[in-house]
Amino acid sequence: MSTLSAVPLAAPAVVQTRQPRHSALYLLVLAGVFLVVNALQVTLVTGNPRVWLGIATWIACTGIGWILTRRLLAGTDRLIFATCMVMSGWGLLMIYRLLPNFGDRQAVWLVVGTVAMLTALRFPDLLGRMRRYRYSILLGGTLLLLATILFGTNPSGFASAPALWLGTGSVFFQPSELLKIVLVVFLASYLAEQYPVLRSAALFERKRRLFLAPRIAGPVVLMWGICVVILVWQRDLGTAILFFALFVCLLYVASGSNWVLVAAAGLILAAGAVAYFLFDVVQLRVDIWVNPWIDPDNRAYQIVQSLMTFSAGGVFGQGIGLGYPSYVPVIHSDFMFAAIAEEFGFLGVITVIALLMVLVSRSFRIAALQQGKPYQTLLAVGFCSLIAVQSLMIMGGVVKIIPLTGVTLPFISYGGSSLVVSFFMVGILLRLSAVKG
Amino acid sequence: MVPFARESQRIMLAILVGFIVIAIGAFQWAVIMPDSLNTRDDNPRAVERERRIVRGDIYSADGLLLAHTDVNDAGIVTRQYSVAEAWPGLGYYSMVRGAARIEGAFDTILRGDSAEAALSNRLLHTPIQGTNIRVTLDSAVQRMVSERLDGQAGAAVAISIPDGRMLGISSAPVFDPNSIDADYERLREDAAMQLLDRATERRYPLGTAIQPVLMIASLLTGQPLDAMIDNATEPVDLSDALSIGCAVRLPALSLTLREAFAFACPTPFIGATNAVGETAMNTIFEQVDALTAVRISGYESAAPAAQIRGYTPIEGMEAVVTGQADLTVSPLAMAILTGAIVNDGNTPVPFMLDATLAPGASTWVHAPRPTRTIAFTTATTARRLQDLMRYNVVNGAAQNAARPNIDIGGHVGLAYVDGRPMSWFIGFVTASGRQAGAVAILLEDTSDTGLAADIGGDILAAVHASLLAENP
């Protein structure tokens, strides 16, 4: 009997999931009231009524999304949709408060994101197509990465800023965001096929040494290569770590081996040590994480100002428009969590964390629903892990629990590529939520 | 167990634990130790808060608005000082440079540092509104003090006796507090030391203005005032090139101690001081030491007490009787000394804060006043010295201080700092009842004690008018 057949495919089972129909609706109504009240305050404080355009856009997207998700696909997880809309609305509000000129652009991206979500929800045989064309998708992603290395630019125009964008004029997008979907789709479909091998006893057998086979070692080398390219050429520490974490999560789930986690931890520490001495950006971020107080006005200015937003916000916050979060450089992107901490206080912080926890737990519940469907399970785990790890990375950096990594806070931070990709991932999660095992 | 379920669950739990850890981290900065960051000097939010504090207004005793705060549409405040005569007394407030003199002494009150204001600001985001204060400065006296010191370098202090109200104070040259941020560096480097409050923070040698102290010792020990002393007008040599003589040019004369005091001639005091003896001199100097420690109530930045070395009868006698020894005092201390003389030997404790008006209140609340006095000498001695000082104004070197129909006593003195002459005038004026005023003038780089006396006379006349206006 072959060892490969020792791992049985699970028999489909029914997992009961309660649909919190009214909870989602109540959450959205509450969020609407919250946004309107705060938009009123933003208008009073800044004297700029443009925020209402954003609120109107959010209401329209939420309303249309609410109706169409039900009509396009019955049984979708409404709470996931609601939490994403609440966070995107809050983010939009904060962007109008911090950078009113960017607010309109983010509102447009919200519309595009909603369309992307609905497309992912209803596109015919989307999951099957993605699985079938995984190599083409991977090739496309790799070419995109290559194009970024060759032709990348930065919308800010600063020569020293990392060139992570492609685009021209006033329209840019960040290929690494698209690469997230590519990698999850590729790894999920690939590992869904290979997981029996990964879980087999023959993997490390002396004679066969399956772990050295290209089909097993290939993705490991590929992911390592992508991470190294992103780190070395693009100096994008955050994305490199994020992709590596995604890979570890999916490999762990597929293989079921604790050694994956141990090896990953060892690799991260070893890579961190090497990167510390090789890359200035890594050294800087580790140094200011260990002790930001030695250079609070220069190298550690950003993290020190970020921590000050929390202390300034206290429990209840300064109130929207009444704090000074703009002292934190790039507040609208990487440090939106800090802006919320200052103006909405610890209560706002807890609310954001609670929303993310709801999103994560509901998403893993969707993964659990896909019993007997490894590809779908890994897709759900992948997208969910991506959103969660990205959130943990930036929030942990902002409160100085881990070194800073320049990634956005999903749904909340400014950034069209991030928002559209996040909504697309949610669209797939919603699609999966409607397919009960 | 279905494949992936256990692993997925573990990843989810790890992620949820991660979120909880972040919540704990945020809790630490936001709730447990916010003050460690909020109170840091480099926290720009502290600056922003400061920029929005509406400091209280400052009024003179007679209701003239001396300083107020303008608020622009963005809520940013600007401190305005509209009465130029009050600038030397008011000092300055700057978000960058801090606060000095009245602005500095009563900063806590003016910026509204109360628990209620902080709570209201924290919860309701109401701008912090400081408390208005009314100071004891009399606008007429202050105007006279400032006008007469215009163009000079020096200081003048006027105190109401016996209550100790500061009626006028000035330090010249004067700077414009409205442009303190722009001018600060220049002022700091300026040789004229405009930022220095000469009235309270700078100490000068007394020179022959020490004679009232020596005279008190002489009176207490029964030294004869009317015995003739030969060569009384001879100057006392301080060095090869420097000597101190009488305040006015006099030919070689024999004078009594009373007359020597009237013309501030130092030589006769050598004998008198020797006759007084070491013990008595040390006692009186210790009393002056205690007196120089008196500061304006609420002024934390006033000059430290003068350091006095013990009186030595053999060595440095010339330095002692010419006030060029270790004893140095501020003009404020000299005004207090004069106050003790006119207050029958009891030193008043000066104060500047008259009343406060809290935000939203309509009634001024009187600030607590210092009630203690310090016994400096006996009432009899003080009154005898008052008479001697009246004599100075009528017949002596302080004649320029005389004003018609006003009871004025005074004394002038000459001192040197690094070879540069300084002119002193101390004087008093009496009004109705026990009401009186005491004044001290110090002019730098001039030996014209007559000018000091003239300025003193004008200020005393203004004080007299002010006191009469209060109690006709």
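Since the structure is predicted, the reported quantities are computational estimates derived from the model, not experimental observations.

Asker: Explain the environment of G113 of chain A here, please?
Answerer: All names here are of chain A. Following the sequence through the fold, G113 ends up in helix α4 (residues 100–122). When the C-alpha positions of G113 and W224 are compared, they lie 30 Å apart, and in sequence the two are 111 residues distant. G113 has contacts with V420 and F423, leaving out every residue within four places of it along the chain.

Asker: Honestly, the confidence of the model for chain A in this entry has me stumped. Any pointers?
Answerer: It should be kept in mind that the predicted coordinates are not to be read in detail where pLDDT is low. Residue and element names in this part refer to chain A. On average, residues of chain A score 85 in pLDDT, and 89% of them reach the 70 mark or higher. Within chain A, the lowest mean pLDDT, 71, falls on helix α8 (residues 214–232), and the highest, 95, falls on helix α3 (residues 78–98). Counting interchain partners and residues more than four positions distant, the pLDDT-below-50 stretch residues 1–16 has 27 contacts.

Asker: Where do I start with the sheet that holds strand β15 (residues 365–366) of chain B in this structure?
Answerer: Across a sheet, strands are paired by hydrogen bonds formed along the backbone, either parallel or antiparallel in direction. Residue and element names in this part refer to chain B. Read across the sheet, six strands follow the order β3-β2-β1-β6-β14-β15 without closing on themselves; strand pairing throughout is mixed. For this open sheet the edge positions go to β3 (77–81) and β15, each flanked by a neighbour on one side alone. Here two bridges tie strand β1 (residues 58–59) to strand β2 (residues 65–71), and the two strands are oriented antiparallel to one another. Paired with Y59 across the bridge in β2 is L65.

Asker: Looking at this structure, I do not really get the confidence of the model for chain B. What am I missing?
Answerer: All names here are of chain B. Averaged over every residue, the pLDDT of chain B is 88; residues scoring 70 or more account for 94%. Per-element mean pLDDT across chain B ranges from 70 in helix α7 (residues 115–124) up to 97 in β1. When the criterion is pLDDT under 50, residues 302–314 qualifies, and its contacts beyond four places in sequence or with other chains add up to 38 contacts.

Asker: I'm lost on unusual backbone geometry in this one. Help?
Answerer: As a rule of thumb, non-glycine residues mostly have phi less than zero, and peptide bonds are mostly trans rather than cis. Residue and element names in this part refer to chain B. That bond from I161 to P162 is cis: its omega, 10°, falls within 30 degrees of zero. Relative to the assigned elements, P162 resides in the loop between β7 (154–161) and β8 (166–172). The omega torsion across A172 and P173 is 0°, close enough to zero to call that bond cis. With respect to the helices, strands and loops of the structure, P173 is situated in the loop between β8 and α9 (180–189). Its identity is not glycine, yet N405 carries a phi of approximately 60°, on the positive side. Here N405 lies in the loop between α16 (379–395) and β17 (408–417).

Asker: Explain the state of the cysteines here, please?
Answerer: With the rule as written, the count across this model stands at one disulfide over all chains. Here C249 of chain A stays unpaired: no disulfide links it, and the sulfur of C384 of chain A, its closest cysteine neighbor, is 9.3 Å away.

Asker: Is there a simple way to explain the packing of aromatic side chains in this structure?
Answerer: Across all of its chains, the model carries 17 aromatic pairs over all chains by this definition. Taking the centre distance of 5.1 Å and the plane angle of 75° together, the rings of F34 of chain A and W90 of chain A count as edge-to-face. Placement of the pair is F34 of chain A in helix α1 (residues 21–46) and W90 of chain A in helix α3, with a sequence separation of 56 residues. Under the relative-accessibility criterion, F34 of chain A is labelled partly exposed at 30%. These aromatic residues form a ring-pair network of at least three members: F34, W90 and F344 of chain A. One cation-aromatic arrangement involves R78 of chain A over W66 of chain A; the distance from NZ or CZ to the ring centre is 3.8 Å. In this structure, R134 of chain B packs its charged tip against the face of W364 of chain B, placed 5.1 Å from the ring centre.

Asker: Where do I start with the nonpolar core in this structure?
Answerer: When a protein is soluble and globular, its nonpolar side chains tend to lie buried together. Judged by nonpolar contacts, the single largest core of 148 residues is most densely connected at F310, F337, L379 and I428 of chain A. In terms of residue count, helix α13 (residues 336–369) of chain A provides more of this core than any other element does, 18 residues in total. With sequence-adjacent residues up to four places away left out, F310 of chain A is seen in contact with F337, A338, A341, V349, V398 and V399 of chain A together with A26, W29 and A30 of chain B. Counting 115 residues, the second-largest nonpolar core is a separate cluster that includes V157, A262, V276 and L291 of chain B.

Asker: Mind showing me how you'd approach the interface of chain A and chain B here?
Answerer: You'll often see interface size given as the accessible area lost when the parts meet. Taken residue by residue, the interface counts 57 residues in chain A and 35 residues in chain B. Between chain A and chain B, the buried area comes to about 4,000 Å², and carbon and sulfur atoms account for 74% of it. There are one salt bridge connecting chain A and chain B. Among the ionic pairs, R45 of chain B bridges to E342 of chain A, the shortest N-O distance being 3.0 Å. Contributions of two or more residues to the side of chain A that touches chain B are made by α9 (237–255), α12 (301–313), α13 and α14 (374–398) of chain A. The class makeup of the residues in the side of chain A that touches chain B is 37 nonpolar, 16 polar and four charged.

Basis of the calculations
- The numbering scheme is per chain: residues are counted from 1 as the chain's sequence reads.
- Lettering for chains starts from A, numbering for ligands starts from 1, and both go in the order in which the items are written.
- Local features in this predicted model are restricted to residues of pLDDT 70 or higher, and side-chain atom pairs are both shown and tallied only at a pLDDT of 80 or more, whereas totals for entire chains, interfaces and linings draw on every residue.
- Side-chain numbers come from the whole structure's heavy atoms, not from hydrogens or water.
- Starting at the N terminus, helices and strands are each numbered in turn, a helix being any DSSP run of H or I of at least four residues and a strand any DSSP run of E of at least two.
- Contacts are assigned to residue pairs with any non-hydrogen atoms lying within 4.5 Å of each other.
- pLDDT runs from 0 to 100 and stands for how confident the predictor is about each residue.
- Pairing between strands requires that DSSP locate at least two bridges from one strand to the other.
- Pairs of cysteine sulfur atoms within 2.5 Å are identified as disulfides in what follows.
- Each Phe, Tyr or Trp ring, with Trp reduced to its six-membered ring, pairs with another whose centre is within 6.5 Å; inter-plane angles below 30 degrees give stacked pairs, above 60 give edge-to-face pairs, and intermediate values give tilted ones.
- To sort residues, take the accessible area from a 1.4 Å probe on protein chains only and compare it with the maximum for the residue type: under 20% means buried, over 50% means exposed, and anything in between is partly exposed.
- Charge-over-ring contacts are defined here by two conditions on Lys NZ or Arg CZ: a distance within 6 Å of the ring centre and an angle within 35 degrees of the ring normal.
- Buried residues of nine kinds, namely Ala, Val, Leu, Ile, Met, Phe, Trp, Tyr and Cys, make up a nonpolar core once their side-chain atoms join them within 4.5 Å.
- Note on definitions: buried area is the accessible-area loss of two parts on being combined, 1.4 Å probe, summed for both.
- Criterion for a salt bridge: a side-chain nitrogen of Lys or Arg within 4 Å of a carboxyl oxygen of Asp or Glu.
- Think of it as three bins: nonpolar holds Ala, Val, Leu, Ile, Met, Phe, Trp, Tyr, Cys and Pro, charged holds Asp, Glu, Lys and Arg, and polar takes everything else, Gly as well.

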